[in-house]
Amino acid sequence: MAVYNEGNNIGDIVKMESNYSYSRETVTLKQSTGVYVIGTLLAVETSTTKYRFCVQTGADNTAVPAGILLQGADTTFADVKVIILKRGPADINANKIVFDSSFTTQTQKDTALNLLKNGNAPITWHRGA
């Protein structure tokens, strides 16, 4: 019998959200060679105002976290409209956030999450279920 491993869903990531019509926003993911999974940490590319993976050493503002993806998306062939958690009040499970491979240490990941907490999207986070 085959084993099925279910991926994350919104409830795994967002633990508290006071008003989803305020905290969520529809944005455009930039076309790339990437498949995005739910929970991916995103940044806004200044030159295009489109969202993409938040990268630890990114240029063009892509090192500054701007939201968390709340649905999967494939941007291989075109830009894609998606829903993100953009602002709080909200509380997330940091263990379920998907970081770009450029985030190599826990300190780097925590720093990025703190930018969400203290920046333009006051989203608190914790580790655990």
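Structure: above.
The rules behind each value
Residues numbered from 1 in each chain as written. Predicted model: local features only at pLDDT ≥ 70, side-chain atom pairs only at ≥ 80, totals over all residues. Heavy atoms only, no water. Core = buried A, V, L, I, M, F, W, Y, C linked by side-chain atoms within 4.5 Å. Buried < 20%, exposed > 50% of the residue type's maximum accessible area, 1.4 Å probe, protein only. Helix = DSSP H or I, 4+ residues; strand = E, 2+ residues; numbered from the N terminus. Contact = heavy atoms within 4.5 Å. Pairing = 2+ DSSP bridges. Salt bridge = Lys/Arg side-chain N within 4 Å of Asp/Glu carboxyl O. Phe/Tyr/Trp six-rings, centres within 6.5 Å; stacked < 30°, edge-to-face > 60°. Lys NZ or Arg CZ within 6 Å of the ring centre and 35° of its normal. Polar contact = N/O pair within 3.5 Å; in protein donor to acceptor, adjacent residues only side chain to side chain.

Visitor: Would you explain the nonpolar core in this entry?
Guide: Nonpolar side chains in soluble globular proteins tend to be buried together. Among the nonpolar cores identified, the biggest contains 19 residues, and Leu41, Ile68, Leu85, Ile92 and Ile97 are the most heavily contacted of them. Of all the elements in the fold, those that place two or more residues in this core are strand S4 (41–45), strand S9 (90–93) and helix H3 (106–118). With three residues, the single largest contributor to this core is H3. Once residues lying within four places of it in the same chain are set aside, the contact partners of Ile92 are Ile13, Val14, Lys15, Ile68, Leu85, Ile97, Leu113, Ile123, Thr124, Trp125 and His126. Among the nonpolar cores identified, the runner-up in size contains eleven residues, and Val27, Leu29, Leu42 and Val82 belong to it.

Visitor: I keep staring at the pairing of strand S8 (residues 80–85) and nothing clicks. Help me out?
Guide: As a general feature of sheets, a regular strand has side chains that alternate between the two faces. When strand S2 (residues 24–29) meets S8, the two strands line up antiparallel, connected through six bridges. Within S8, the position partnered with Arg24 by the bridge is Leu85.

Visitor: Sorry if this is basic, but what is going on with the pattern of salt bridges here?
Guide: Think of it this way: side chains of opposite charge can pair up when their charged atoms draw near. Tallying each qualifying case throughout the model produces five salt bridges. For Arg24, the salt bridge goes to Glu17, with nearest N and O atoms at 2.8 Å. With a relative accessible area of 24%, Arg24 lands in the partly exposed category. Among the ionic pairs, Glu45 bridges to Lys30, the shortest N-O distance being 2.9 Å. Pair noted here: Glu45 is in strand S4 and Lys30 is in the loop between S2 and strand S3 (35–36), with a separation of 15 residues, a long-range link. Of the residues examined, Lys30 reaches a relative accessible area of 28% and is grouped as partly exposed.

Visitor: Even after reading the chapter, I still don't get the packing of aromatic side chains, so can you show me in this structure?
Guide: Where two aromatic rings form a pair, the distance of their centres and the angle of their planes describe that pair. Applying the stated rule across the entire model yields two aromatic pairs. Aromatic pair Tyr36 and Phe53: ring centres 4.0 Å apart, planes at 10°, arrangement stacked. Placement of Tyr36 in strand S3 and of Phe53 in strand S5 (residues 50–53) is noted, with a sequence separation of 17 residues between them. For the cation-ring pair, Arg87 lies above Tyr22, with the distance from its terminal atom to the ring centre recorded as 5.2 Å.

Visitor: So what exactly am I meant to see when it comes to the side chain of Arg87 here?
Guide: Looking at where Arg87 falls in the secondary structure, it is placed in the loop between S8 and S9. One polar contact links the side chain of Arg87 to the main-chain carbonyl oxygen of Tyr22, over a distance of 2.6 Å.

Any link to function would need more than the numbers given here.
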